[in-house]
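Remarks on the overall topology
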Amino acid sequence: MSTHKYSPESLMMTYGYKPELSEGAVKPPVFQTSTFVFKTAEEGKAFFELAYGLRTKEQDEELGLIYSRINNPNLEILENRLCLWDKADDCAVFESGMSAISTVLLEFLKPGDLLLYSKPTYGGTDHFIHHFLPKIGVEALGFSPKQSCAETIQMVEESGKSKNLAMIYVETPANPTNSIVDIECCRNIADQFSSVNKKVHVAVDNTYMGPLWSHPLELGADLVLYSATKYIGGHSDLIAGAVLGNHEVMKRIKTLRTFLGNMASPHTCWLLLRSLETLKVRMEQQMQNAKVVAQFLNNHDKVEKVYYLGLLEPDSEDYAIYQKQYSSPGAMISFDIKGGEKEAFQFLNHLQLFKLAVSLGSTEGLAQHPASMTHIAVDPESRREMGVTDKLVRLSIGLENVKDIIWDIEQALEKVEIAQIETSNYKISTNI
Ligand SMILES: *Cc1c(COP(=O)(O)O)cnc(C)c1O
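1. Structural notes on the sheet that holds strand 3 (residues 139-143)
- Sheet architecture is open: 7 strands sit in the order 1-7-6-5-4-2-3, paired in mixed fashion. Of all the strands in the sheet, the pair left with one neighbour each is strand 1 (90-94) and strand 3. Between one strand axis and the next, the sheet turns by 20° as a mean value, whatever way the strands run.
- Of the pairings in the sheet, the one linking strand 5 (residues 201-205) to strand 6 (residues 223-227) comprises 3 bridges and is parallel in character. Note that in strand 6 the partner of A203 across the bridge is L223.
- Contacts from helix 6 (residues 149-158) reach strand 2 (114-118), strand 3 and strand 4 (165-171) within the one sheet, and its direction differs from that of strand 3 by about 155°.
- Its contacts with the sheet put helix 8 (residues 247-260) on strand 1, strand 5, strand 6 and strand 7 (241-245), and the angle it makes with strand 1 is roughly 25°.

This is how it looks when you write it as C-alpha cells:
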C-alpha cells in the first residue's frame, strides 16, 4: 500500500465524499433534507444511542444520518475537510462566526468563572463578553498584547479570582490592529492556573491567519475558532463559523450545538466546500498582493504608520512571536493616515476598485474605518488604548491585479487634503 501523505490542498476536492453513494456525481449534491430514512428501527435506535452518548462507538462504527440539526452529509464532509488543515480530531461548523464563539464561551464558562481575554477582539466578541457574560455571572479580565507573560500572570493573581479562571480567549493577530499574542505563553498561564479538578482551556480566534498560516492547536491551544465568512468562505456570499479541537472538547461543543440548533445549513456547507477547493491559491495570492501594498503605503507621505506583520522589526519581541506562530504575514493591513477621521473618510470615499464595506478575506478588496464602523461600540477609552483611533483605516487585500490595487490606493490618497502647514512642519522638523 502507498504511504504517500497528501497535502490538505490536494484533498479539498475529494476527501470524505463517496461518489457511489450519490449516483456517481463527482461533486457532493446539496443534501437539502431535514431528516433521513432508517433502514430498520434497530438501526434508528443504534444511531440515537451514539448521537446522545449513551454508548461508545464500536470499532469502525460511524454515526449514521439522523436529522439535519445533528448531522448532514454536506456538514460532515466540510467538517472532515477543515480538520485536515489544523490537524484536529474534529470540527463543528456553525451558522456564523459569532455562533461558534458564543457556543464555545457558553459551554466552557459557568456562573462565578473568570475569563481572561486579549484586547482588542472582534466587536461582536467584545459585545458578548461585556454585555452578555455578566448576565450569567461570568467576569472578564482583558490583557494587552503589550504585556509580558509574567505581567499577565501577576494581573490574574492580583484580581483575587485566579481560582475561578476557566478560559483564556485570544484573538491573534487581532482585528483590526494586527497585534499578536503569544499562544505558548497563554498555554503556560492556563496550566499554571489549572488543577486536578479544573482544566483552564485556551481558545484562539484564528480568522486572520487560518487555516493556512497558523495552527494554534499545535502551539498549545485547546480550541481554534473561525469566522468562516472570511477567508474560508472567501467570496462575500455567506455567513458561517467553525470550531476545531480534540475529541473531548468537540464532543461538548457538538452537544451544545445540537441543542442550540446553530449548525450551518446544507447549502452554506455546499458553498464552503466549493470555497475550500481554492482556499490556498486565494490566500497565497492575496498575501502576495498585500506585501506590495504594505510596502507602498509604508513609503507614502500621507501615511503615518502601517500595521502589517511583514513590516515587523526583526529584532522586536513581536517578530519572535511572529516567527514562532505564523508562516506568512497574511493579507490584512491597517494604517494610520496623517490627520484623523476627516482624512480617513476622504480616502475611503475616493476608492474606486476597493469596496467600502466591513468583513474581510474575500476575493475583492474591502476597506473600512474601524473606529466608526466595526469597533464603534467598544468603549472609547479602550479603543484608544488598543490603537483603534480615528486615523486608522483597515484594508482587506483581494485578488485584483496588484497594479490596479496600488493605482486605486494612490489615486484615493492623492485626493486626501492634509492641512498643508502641519505636513510641511513635520517634514522640516524631521529633517533637522
Ligand atoms: C468576522 C469576525 C468574527 C465574527 O464572525 P461572523 O461570521 O461575522 O459571525 C469573529 N472574529 C473575527 C476575527 C472576525 O473577523
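2. Details of the site of the ligand
- Lining the immediate environment of the ligand, one finds 14 residues, of which M98, D205, S227, T229 and K230 sit closest.
- Contacts to the ligand include D205, whose side-chain N or O atom sits 2.7 Å from a nitrogen atom.
- Contact distances for the ligand include 2.6 Å between an oxygen atom and a side-chain N or O atom of T229.
- Considering the ligand on its own, with 380 Å² of exposed area, one finds that the protein chains cover 93% of that surface.
- The greatest single-element share of the shell around the ligand, amounting to 3 residues, is contributed by helix 4 (residues 97-108).

3. Some details on the state of the cysteines
- For the coordinates displayed, the defined rule picks out 1 disulfide.
- Paired through a disulfide, C149 and C185 show a sulfur-sulfur distance of 2.2 Å. Given an S-S torsion of about 110°, the disulfide between C149 and C185 has right-handed geometry. Of this pair, C149 sits in helix 6 while C185 sits in helix 7 (residues 183-192), and the two are 36 residues apart along the sequence.
- Relative accessible area serves as the criterion here: at 25%, C149 is assigned to the partly exposed category.

Rules of the game
Residues numbered from 1 in each chain as written. Predicted model: local features only at pLDDT ≥ 70, side-chain atom pairs only at ≥ 80, totals over all residues. Heavy atoms only, no water. Pairing = 2+ DSSP bridges. Helix = DSSP H or I, 4+ residues; strand = E, 2+ residues; numbered from the N terminus. Axes fitted to C-alpha atoms, helices over the stretch in contact; angles between N-to-C directions. Contact = heavy atoms within 4.5 Å. Near = heavy atom within 4 Å. Polar contact = N/O pair within 3.5 Å; in protein donor to acceptor, adjacent residues only side chain to side chain. Areas by Shrake-Rupley, 256 points an atom, 1.4 Å probe, with all protein chains shown as cover. Disulfide = S-S within 2.5 Å. Buried < 20%, exposed > 50% of the residue type's maximum accessible area, 1.4 Å probe, protein only.

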